Amino acid sequence: MALLCVAQFVVVLDVTIVAIALPAIRRDLGFAPADLQWVLSAYTLTFGGGLLLAGRVADLYGARRAFRSGLLVFAAASLACALAPTAAALIAARAVQGAGAALVAPSALALLVATEPAGAARSRALAIWTAAAAGGGASGWVLGGLITSGPGWEWVFAVNVPIGLAGAALAGRVLPSDDPAGEGGLDLPGALTFTLGLGAVLLGLSRGWVLPVAAGLLLLVLFTRIQRRSPNPLLPPGELRRPGLARGSLVALAITGTTSPAMFLAVLQEHTANGLVFAPLNVAVIAGSLASPKVPRAMPAGLAGIAAGCALLALDAPLLPALVVMGAGLGVASVASTKAGVGDEAQGLASGVLNTAAQLGTAIGLAVLVAPAAALGFRWGWLGCAAIALSSSVATLKAAGSSPTCGSASGSAYTPKHTRSRSVKTPTDNAWPSESGIAGSTSTHSAPSR
């Protein structure tokens with residue numbers, strides 16, 4: 001549990017830890033102002049764009065093997081980032097680092113779900129794991145400033161190297177082994193069109209270019225056609241018909257699509273290099289994550305908290321209460337969306353979908369909200385974040401009211417044809433008890449991901 005949580009903390013941390021280091025990176029490597037954002041976007045793009053394929057790899061070849069491989073790729077790419085001599089080299093290394101992170105996230109979650117018995121034990125495990133993920137994203141704003149103002153921006157990347165190597169070494173000793181499904185294959189054309197389509201759309205949105213957006217949308221349409229015809233689709237058409245996964249993915253997208261740009265604008269407004277002013281957000285995120293299982297209608301409640309925090313920022317309220325309210329809402333909603341989507345079958349695939357939604361939310365939110373806010377004023381950016389979070393809260397609340405089984409494990413009837421249940425063994429036990437019963441109610445324990 002500790003290993004999985006640390007790994008998820010680190011890969012999510014690397015989405016935000018670089019933000020405060022960007023001015024120093026620009027000065028040392030000679031980045032053009034328009035290209036600096038790609039230090040963030042290259043990682044987010046390959047992380048989010050590779051998660052569906054990585055989830056499928058975990059299902060086919062074993063989650064533990066995918067987890068260890070991802071940590072080794074992540075560590076090697078982190079070292080390349082720290083030693084990068086040019087701007088182009090850093091962007092390329094960040095892209096490889098994101099690919100490693102994409103292997104780690106869904107396989108870690110699949111291992112967690114497969115080894116924790118359904119019910120209270122899984123609920124607690126998911127709350128802790130999601131707190132680690134949400135805390136990683138929030139901690140980046142603080143740790144990035146501390147490291148950059150101390151040993152230097154290179155160590156923002158270098159600290160990942162010993163963590164990744166130690167995690168890969170420990171994985172074989174402390175993580176359960178799993179039998180790969182061994183059925184079907186990988187949909188490489190689907191992975192290529194999905195990642196290139198996302199990249200083109202994000203490039204166009206960030207630069208205000210219409211042609212890349214149109215080309216990206218065409219590639220995404222082609223991706224959907226490939227999925228219908230492929231014998232081994234990355235995203236089986238019936239998968240998103242599962243109410244829990246659909247709702248959890250949309251909420252994950254809304255969470256990161258509002259909190260990431262809101263925090264980025266707060267960093268710009270504070271003009272600080274140490275990030276310590278954002279420490280209360282970390283505490284609030286972890287507290288909200290741990291309290292989430294006891295919060296009624298946690299997804300809409302958490303989104304409403306995010307909306308309130310963003311509104312406080314727009315109204316020029318003191319930073320501390322705004323961060324606490326937004327962080328608590330982030331923690332509550334993150335755990336709820338994590339629990340809503342993954343069943344006992346194809347955990348790698350479903351967690352890949354949810355992780356993809358979360359990473360895309362960050363990329364889209366930064367592209368759509370930050371640039372207009374820089375031109376019109378930060379207040380309008382925070383108001384946009386608040387409006388999106390509030391409308392998502394209302395929509396989620398209405399969806400839950402119209403479908404009593406929506407988001408529950410019992411409501412998930414679809415099982416992908418290419419997956420089968422895997423026996424999971426620990427190094428010391430013959431087998432884990434079978435997960436025959438899944439709790440229902442509002443606290444769905446069939447699921448996870450962030």
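Computed from a prediction, not measured in an experiment: that's the story for all the values here.

Enquirer: Even after reading the chapter, I still don't get the overall build of the protein, so can you show me in this structure?
Expert: Within the protein, the secondary structure is distributed over 16 helices and two strands. Burial statistics for the protein: of 450 residues in total, 58% are counted as buried. Contacts in the protein between residues far apart in sequence, at least 24 positions, make up 85% of those at least 6 positions apart. Split by element, the accessible area of the protein, about 17,200 Å² in all, is 68% carbon and sulfur.

Enquirer: I'm lost on helix H12 (residues 279-291) in this one. Help?
Expert: It helps to recall that an α-helix has 3.6 residues per turn; residues three or four apart then point in one direction. The end-to-end C-alpha separation of H12 is 19 Å, in line with the 18 Å expected for 13 residues at 1.5 Å each. Residues of H12 that are buried include every one of Leu-281, Asn-282, Ala-284, Val-285, Gly-288 and Ser-289, and no others.

Enquirer: I would appreciate a short explanation of the nonpolar core in the present structure.
Expert: Nonpolar side chains in soluble globular proteins tend to be buried together. The biggest cluster of nonpolar side chains holds 65 residues, and the ones touching the most others in it are Val-18, Ile-25, Leu-90, Phe-278 and Met-326. Look past the residues within four positions of Val-18 in its chain and what remains in contact with it is Ile-25, Val-39, Leu-40, Arg-94, Val-156 and Phe-157. Counting 38 residues, the second-largest nonpolar core is a separate cluster that includes Ala-105, Ala-108, Trp-129 and Ala-133.

Enquirer: Quick question: what am I supposed to make of the packing of helix H1 (residues 2-16) against helix H6 (residues 120-149) here?
Expert: In a packed pair of helices, the relevant descriptors are the angle between the two axes and the axis-to-axis distance. Orientation of H1 relative to H6, taken along the N-to-C sense of each, is 35°, at an axis distance of 7 Å. Like other packed secondary-structure pairs, H1 and H6 cross with a definite hand, here right-handed. Here Leu-4, Cys-5, Gln-8, Phe-9, Val-12, Leu-13 and Thr-16 of H1 come into contact with H6, specifically with Ile-128, Trp-129, Ala-132, Ala-133, Gly-135, Gly-136, Gly-137, Ser-139, Gly-140, Trp-141 and Leu-143. Looking at side-chain class alone, the contact of H1 with H6 contains eleven nonpolar, seven polar and no charged residues.

Enquirer: When you look at the pattern of salt bridges in this model, what are you seeing that I'm missing?
Expert: In a structure, side chains of opposite charge can pair up when their charged atoms sit close to one another. Summed over the entire model, instances satisfying the criterion amount to three salt bridges. Its salt-bridge partner being Arg-94, residue Asp-14 comes within 3.8 Å of it at the nearest N-O pair. Residue Asp-14 is located in helix H1, and its partner Arg-94 is located in helix H5 (residues 87-115); the two are separated by 80 residues in the primary sequence. The exposure class assigned to Arg-94 is buried, which follows from its relative accessible area of 0%.

Enquirer: For this particular structure, what's the right way to read the packing of helix H3 (residues 38-61) against helix H4 (residues 63-82)?
Expert: It is the contact of H3 with H4, at a shortest axis distance of 8 Å, that shows an interaxial angle of 150°. One element, H3, and the other, H4, form an angle in the roughly antiparallel class. Our pair here, H3 against H4, has a crossing hand that is right-handed. For the pair H3 and H4, contact is made by Tyr-43, Val-57, Ala-58 and Tyr-61 and by Ala-63, Arg-65, Ala-66 and Phe-74, respectively. Residue composition of the contact of H3 with H4, by class: seven nonpolar, no polar and one charged.

Enquirer: How should I be thinking about the packing of aromatic side chains in this particular structure?
Expert: Centre distance and the angle of the planes are the two values used to describe a pair of aromatic rings. For the coordinates displayed, the defined rule picks out four aromatic pairs. On the numbers, 6.2 Å between centres and 85° between planes, the contact of Trp-153 with Phe-157 is edge-to-face. By relative accessible area, which is 0% here, Phe-157 ends up buried. Pairing Phe-194 with Phe-223 gives two aromatic rings, centres 5.0 Å apart and planes at 45°, and the pair type is tilted. Taken together, the residues span a long stretch of sequence, with Phe-194 in helix H9 (residues 188-207) and Phe-223 in helix H10 (residues 210-229) at a distance of 29 residues. Judged by its relative accessible area of 9%, Phe-194 is buried. Classification of Phe-223 as buried rests on a relative accessible area of 6%.

Enquirer: Can you help me understand empty space enclosed by the protein in this one?
Expert: Using a probe with the size of a water molecule, rolled over the atoms, empty space left in the structure can be pinpointed. Scanning the entire structure with this criterion turns up four cavities of 30 Å³ or more. Its boundaries defined by the atoms lining it, the second largest cavity holds a volume of some 70 Å³. In this structure, the second largest cavity is lined by Val-15, Thr-16, Ala-19, Leu-40, Thr-44, Trp-141, Ser-260, Phe-264, Thr-362 and Leu-366. Looking at the lining of the second largest cavity, the elements with two or more residues in it are H1, H3, helix H11 (243-270) and helix H15 (347-376).

Enquirer: Is there a simple way to explain the confidence of the model for the protein in this structure?
Expert: Any segment with low pLDDT has predicted coordinates that should not be analysed in fine detail. With 83% of its residues at a pLDDT of at least 70, the protein reaches an overall mean of 79. The secondary structure element of the protein with the lowest average pLDDT is strand E2 (residues 424-425), at 40, and the one with the highest is helix H13 (residues 298-314), at 96. Across residues 404-450, where pLDDT falls below 50, the model places 130 contacts with residues more than four positions away in sequence or in other chains.

Rules of the game
- Every chain is numbered on its own, with residues counted from 1 as its sequence reads.
- Given that this is a predicted model, residues contribute local features only at a pLDDT of at least 70 and side-chain atom pairs are listed and counted only at 80 or more, while totals for whole chains, interfaces and linings are drawn from all residues.
- Side-chain measures here rest on the full set of heavy atoms in the structure, leaving out hydrogens and waters.
- Helix numbering and strand numbering both begin at the N terminus, where a helix is a DSSP run of H or I of at least 4 residues and a strand a DSSP run of E of at least 2.
- Accessible area is worked out with a 1.4 Å probe on protein chains only. A residue is then buried under 20% of its type maximum, exposed over 50%, and partly exposed in between.
- Here a residue-residue contact requires only that any non-hydrogen atoms of the pair lie within 4.5 Å.
- Surface exposure here means Shrake-Rupley accessible area, sampled with a 1.4 Å probe, where a residue is shielded only by the protein chains that are shown.
- What a helix is expected to span follows from its residue count: subtract one and scale by 1.5 Å.
- Nonpolar cores are built from buried Ala, Val, Leu, Ile, Met, Phe, Trp, Tyr and Cys residues. Side-chain atoms within 4.5 Å join them into one set.
- Each axis is a line fitted through C-alpha atoms, and for a helix only the stretch in contact is used; angles between axes span 0 to 180 degrees, taken between their N-to-C directions.
- Crossing handedness: left-handed means the near helix sits turned counterclockwise from the far one by under a right angle, and right-handed means the same turn made clockwise.
- Only Asp, Glu, Lys and Arg are considered charged in this grouping, and only Ala, Val, Leu, Ile, Met, Phe, Trp, Tyr, Cys and Pro are considered nonpolar; every other residue, Gly among them, is considered polar.
- We count a salt bridge whenever a side-chain nitrogen from Lys or Arg sits within 4 Å of a carboxyl oxygen from Asp or Glu.
- Here the angle decides the label: under 35 degrees means roughly parallel, over 145 means roughly antiparallel, 65 to 115 means roughly perpendicular, and every other value means oblique.
- Stacked, edge-to-face and tilted labels apply to pairs of Phe, Tyr and Trp rings (six-membered ring for Trp) whose centres lie within 6.5 Å, assigned for plane angles under 30 degrees, over 60, and everything in between, in that order.
- Cavities and pockets were defined on a 1 Å grid built over protein atoms only: a cavity is a set of grid points that admits a 1.4 Å probe from which the probe cannot escape, a pocket is an open set flanked by protein on both sides within 12 Å along at least five of seven lines, and lining residues are those with an atom within 4 Å of any such point.
- Grid points are joined across faces, edges and corners, and a volume is the space filled by probe spheres set on the points.
- Each residue gets a pLDDT score, which is the predictor's confidence in that residue and runs from 0 to 100.

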